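# Coordinates in review
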Amino acid sequence: MSGATGTTDTPNGLARLSLNQITTRGWSLPEAVRGCVDAGIPAIGLWRDKVAETGLARSAKLCRDAGLAVSTLCRGGFLTADGPEERRAALADNLQAIEEAAELGTDTLVLVVGGLPAGSRDLAGARAAVADLLGELAPHAGDFGVRLAIEPLHPMFCADRAVVSTLGQALDLAAPHPARQVGVVVDSYHVWWDPALPEQIARAGREGRIASYQVCDWTLPLPADALLGRGHVGDGHIDFRALTDLVTAAGYDGWIEVEIFNQEIWDTPGELTLRTLIERHLTHLARP
């Protein structure tokens, strides 16, 4: 697993559970840390904006003192830079994110690679830009003991958020680099639909590339802002037993991180959200 082990009194069924901080968006980092401790959740996935609010050193200390592992840091990426100035800015931001991840005690920096540059229709060029910047970032990440975790996003986000849409594409981008430097994220919401998913997860396992397993459900109808169309595990259309079996068979035994973007869930008191999250984890994801 990424980072340190969880608290010693964590129930066995929750031993791999991590709260991605976006799921309780209304909570500050100290509130999210306290919520995890009170609920018996042993790990947390942090977001850079929340870390910045609290301060990097204090954020690291809060998690460490609470006995929480930091499963991931979200996020780096946005590598589809158009022009030398934008490219330099993207490189600098990601170098900083790598160092933040190391300071926070996680070995996984999630990358959302970026969509098409403004006014562009050149998908091939945007993907080439991602590959180019990965080549510069990967050795630096390795020096800090951090793995860049490429997250493929559902194709509906190809234009604005990620020109990498499938696990296969993510693995192809990772292939030139050592597995300890570049891996992939298996996010249920983004990959569940892919008919090539079983063989690509198996491939990721053979190559030692699975850096994170993130979960939430695909619910309908999609909201006007499709980014917010995610639900609690079990509320939608994804077969989590089958998907988790694939990830497990591929050799992944790390954190299962719950990452939900949903306005109704964000408006729910965090304690209630964690209660539901735990119940769904025990029902749909945990193994005896």
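So, a few notes on the structure that sits alongside this text.

Conventions adopted
- Residues numbered from 1 in each chain as written.
- Predicted model: local features only at pLDDT ≥ 70, side-chain atom pairs only at ≥ 80, totals over all residues.
- Heavy atoms only, no water.
- Axes fitted to C-alpha atoms, helices over the stretch in contact; angles between N-to-C directions.
- Helix = DSSP H or I, 4+ residues; strand = E, 2+ residues; numbered from the N terminus.
- Parallel < 35°, antiparallel > 145°, perpendicular 65-115°, else oblique.
- Left-handed = near helix turned anticlockwise from the far one by under 90°.
- Contact = heavy atoms within 4.5 Å.
- Nonpolar A, V, L, I, M, F, W, Y, C, P; charged D, E, K, R; others polar.
- Salt bridge = Lys/Arg side-chain N within 4 Å of Asp/Glu carboxyl O.
- Buried < 20%, exposed > 50% of the residue type's maximum accessible area, 1.4 Å probe, protein only.
- Pairing = 2+ DSSP bridges.
- Right-handed = clockwise from strand over helix to strand, strands pointing away.

### Looking at the packing of helix H6 (residues 167-174) against helix H8 (residues 197-206)
The interhelical angle for the contact between H6 and H8, taken along N-to-C directions, is 25°, at an axis separation of 9 Å. Classified by the angle between their axes, H6 and H8 sit roughly parallel to one another. Read as a crossing pair, H6 and H8 show a hand that is left-handed. For the pair H6 and H8, the contacting residues are Leu-167, Gly-168, Leu-171 and Asp-172 in the first and Leu-197, Gln-200, Ile-201, Arg-203 and Ala-204 in the second. In terms of residue class, the contact of H6 with H8 is made up of five nonpolar, two polar and two charged.

### Structural notes on the pattern of salt bridges
With the rule as written, the count across this model stands at twelve salt bridges. One salt bridge connects Asp-235 with Arg-280, and the closest N-O pair in it is separated by 2.8 Å. Taken together, the positions of Asp-235 in the loop between strand S9 (230-231) and helix H9 (240-249) and Arg-280 in helix H11 (residues 270-284) put the pair 45 residues apart, joining distant regions of the chain. Under the relative-accessibility criterion, Asp-235 is labelled partly exposed at 45%.

### Description of the environment of Leu-14
Tracing the backbone through its elements, the reader meets Leu-14 in the segment before strand S1 (17-20). Residues Leu-14 and Ser-120 lie 106 residues apart in sequence; the distance between their C-alpha atoms is 45 Å. When sequence neighbours within four positions are dropped, the list of residues in contact with Leu-14 reads Ala-39, Gly-40, Pro-42, Ile-278, His-281 and Leu-282.

### Re unusual backbone geometry
Peptide bonds are mostly trans, and most non-glycine residues show a negative phi. For the peptide bond that leads from Cys-74 to Arg-75, omega is -5°, which places it in the cis range. Its location among the elements puts Arg-75 in strand S3 (residues 69-77). Across the junction of Leu-220 and Pro-221, the peptide omega takes the value 0°, indicating a cis bond. Residue position: Pro-221 is located in the loop between strand S8 (217-218) and S9. The backbone of Phe-78 sits at a positive phi, close to 50°, despite the residue not being glycine. Structurally, Phe-78 is set in the loop between S3 and helix H4 (84-104).

### A few points about the pairing of strand S2 (residues 43-47)
Here S2 lies mainly inside the structure; five of its five residues are buried. The alternating pattern of S2 places Ala-43, Gly-45 and Trp-47 and Ile-44 and Leu-46 on opposite faces, both of which are buried. With three bridges joining them, S1 and S2 adopt parallel strand pairing. From the neighbouring strand, Ser-18 faces S2, where its bridge partner is Ala-43. As a crossover connection, the stretch from S1 through helix H1 (residues 29-39) into S2 is right-handed. Taken together, the four bridges between S2 and S3 define a ladder with parallel strand orientation. What sits directly across from Trp-47, in S3, is Cys-74.

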